[in-house]
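The residues making up each chain are set out below.
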Amino acid sequence: MSRMTMIEAIRDAMDVMMEKDDNVVVFGEDVGYFGGVFRCTHGLQEKYGKNRCFDAPINESGIVGAAIGMGAYGLRPCVEIQFADYVYPAYDQIVSEAARLRYRSAGDFTAPITIRMPTGGGIFGGQTHSQSPEATFTQVSGLKVVVPSNPADAKGLLITAIEDDDPVIFLEPKRLYNGPFDGHHDQPVTPWSKHELGEVPEGYYSIPFGQAKVVQEGTDVTILAYGTMVYVAEAAAKETGIDAEIIDLRSLLPLDEETIIASVKKTGRCVVVHEATFTSGFGAELLSRVQETCFYHLEAPIQRVTGWDTPYPHAQEWDYFPGPARVGRALKQVMEA
């Protein structure tokens, strides 16, 4: 085991796969010589050369479009969109081309591409560097959508993504790059080097999609979360003294419905937490599935704690960010219902 930040674990996953498979290529804005805005690709160009790790123009539709073509011809591109907020120019390429290629060609072609992008807020990025667009991809047939919450998962899930024969949207919560964040912005953050989840296995390993992880067992209420909100949920449960079972979904598509159902049937209560906007956020899908499958086991209405239906504000970052206080209020409400 080695101690790594999430940045280092993501870089290590690409390094492992580039060494294992000559068809794996890495490119995007500033990912070559500079090593990426968050340094996730630092050193890869020096090690593997400019033909396998290179810079692309500031053109997201061109980056993804080129990756689709490469994938159809046998390469395995792992591309970086500098911020998830910048992916929208490439949305048509992702939805109309990458996600549909296997279906429309009756299996003759696939798009074995991984699209990495930093997501979420908590770093004072403002409205154009803080969005969480996962729900815009989970409704698209043919895509897989993954959100790791720690370095060990990030490496194993990214290796799985690169090996997958279909397109994977790999969302990296940038507030977790250097350490877990529980939502208390006025308190010091524990670096991954001092956290047990900072231990990352060396070499090759993979984590299957569609397998959620119960990060904390409990009997009072089930909390469904992913990314940064896993740690916010842990803080809220601890501060309220409520015996919550916390599930880190890890992959949103495919979704581990079995683990969710088993937990909610055990606790009889459910709180869904995510950073994206309330309306049409992925929490609405989670709420629907729990309601449809666990209705007769529920002791209280399902609660959602999310971002607000506004652009992500810069000056009021912590009023927007779903912190432990808001999650704690939802936990108390669902227990008192």
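Residues numbered from 1 in each chain as written. Predicted model: local features only at pLDDT ≥ 70, side-chain atom pairs only at ≥ 80, totals over all residues. Heavy atoms only, no water.

Asker: Can you help me understand the side chain of Ser263 in this one?
Answerer: Within the secondary structure layout, Ser263 lies in helix H9 (residues 257-267). In this structure Ser263 touches Thr222, Glu245 and Ile247, once residues within four positions along its chain are discounted. (Helix = DSSP H or I, 4+ residues; strand = E, 2+ residues; numbered from the N terminus. Contact = heavy atoms within 4.5 Å.)

Asker: Looking at this structure, how should I read the environment of Lys265?
Answerer: Checked against the element boundaries, Lys265 lands in helix H9. Along the backbone, Lys265 and Glu239 are 26 residues apart, and their C-alpha atoms lie at a distance of 24 Å. Aside from chain neighbours lying at most four places away, what touches Lys265 is Thr293, Cys294 and His297.

Asker: Where do I start with the packing of helix H8 (residues 229-240) against helix H12 (residues 324-336) in this structure?
Answerer: Geometrically, a packed helix pair is captured by the angle between its two axes and the distance between the axes. Packing of H8 against H12 leaves a shortest axis separation of 8 Å and a crossing angle of 60°. In this view, H8 runs oblique relative to H12, as classed from their interaxial angle. Between H8 and H12 the crossing geometry is right-handed. Residue-level contacts link Val232, Ala235, Ala236, Ala237, Glu239 and Thr240 of H8 to Pro324, Val327, Gly328, Leu331 and Lys332 of H12. Partitioned by chemical class, the residues of the contact of H8 with H12 number 7 nonpolar, 2 polar and 2 charged. (Axes fitted to C-alpha atoms, helices over the stretch in contact; angles between N-to-C directions. Parallel < 35°, antiparallel > 145°, perpendicular 65-115°, else oblique. Left-handed = near helix turned anticlockwise from the far one by under 90°. Nonpolar A, V, L, I, M, F, W, Y, C, P; charged D, E, K, R; others polar.)

Asker: In this structure, what is going on with empty space enclosed by the protein? I would like to understand it.
Answerer: In this approach, a probe sized like a water molecule rolls over the atoms, and the result shows the empty space that is left. Per the counting criterion, the structure on display carries 2 cavities of 30 Å³ or more. Counted as a void, the largest cavity has a volume near 110 Å³. Surrounding the largest cavity, 14 residues form its lining, Ser132, Val147, Tyr226, Thr228 and Glu275 being those nearest its centre. When its residues are assigned to classes, the lining of the largest cavity shows 6 nonpolar, 6 polar and 2 charged. In this structure, the second largest cavity occupies an estimated 30 Å³ of space. Every residue lining the second largest cavity is listed: Leu255, Glu257, Ile260, Ile261, Leu286, Arg289, Val290 and Thr293. When residues of the lining of the second largest cavity are traced back to their parent elements, those giving at least two are H9 and helix H10 (282-294). Among the elements that line the lining of the second largest cavity, the one with the most residues is H10, at 4 residues. Tallied by class, the residues present in the lining of the second largest cavity amount to 5 nonpolar, 1 polar and 2 charged. (1 Å grid on protein atoms, 1.4 Å probe; cavity = no way out; pocket = protein on both sides within 12 Å on 5 of 7 lines; lining within 4 Å. Points joined across faces, edges and corners; volume = space filled by probe spheres on them.)

Asker: In this structure, what is going on with the sheet that holds strand E5 (residues 114-119)? I would like to understand it.
Answerer: Either a parallel or an antiparallel arrangement is found when strands of a sheet pair, and the pairing is made through backbone hydrogen bonds. Ordered by their spatial adjacency, 7 strands build an open sheet running E3-E2-E4-E5-E7-E6-E12, and the pairing between neighbours is mixed. Two strands lie at the open edges of the sheet, namely strand E3 (53-55) and strand E12 (251-253), each paired on one side alone. Sheet twist, expressed as the mean angle between neighbouring strand axes with direction ignored, is 20°. Sheet topology note: the strand E6 (residues 144-146)/strand E7 (residues 168-173) ladder contains 3 bridges and is parallel. When the sheet's bridge partners are listed, Lys144 is paired in E7 with Val168. Helix H1 (residues 6-20) rests against strand E2 (24-28), E3, strand E4 (76-80), E5 and E7 of the sheet, and its axis sits at about 140° to E2. Sheet contacts for helix H7 (residues 151-163): E2, E4, E5, E6 and E7; angle to E7, the most-contacted strand, approximately 160°. (Pairing = 2+ DSSP bridges.)

Asker: Hey, could you run me through the pattern of salt bridges in this one?
Answerer: In a structure, side chains of opposite charge can pair up when their charged atoms sit close to one another. Applying the stated criterion across every chain yields a total of 18 salt bridges. Across the pair Glu199 and Arg3 runs a salt bridge whose closest N-O atoms are separated by 3.3 Å. Placement of the pair is Glu199 in strand E8 (residues 199-200) and Arg3 in strand E1 (residues 2-3), with a sequence separation of 196 residues. In this structure, the salt-bridge partner of Glu19 is Lys47, at a minimum N-O distance of 3.8 Å. A residue pair is termed long-range when its members are at least 10 positions apart, and Glu19 in helix H1 and Lys47 in helix H2 (residues 44-48) qualify at 28 residues. By relative accessible area, Glu19 is classed as exposed at 56%. Linked through salt bridges whose partners overlap, the residues forming this network are Arg102, Lys144, Asp164 and Asp166. (Salt bridge = Lys/Arg side-chain N within 4 Å of Asp/Glu carboxyl O. Buried < 20%, exposed > 50% of the residue type's maximum accessible area, 1.4 Å probe, protein only.)

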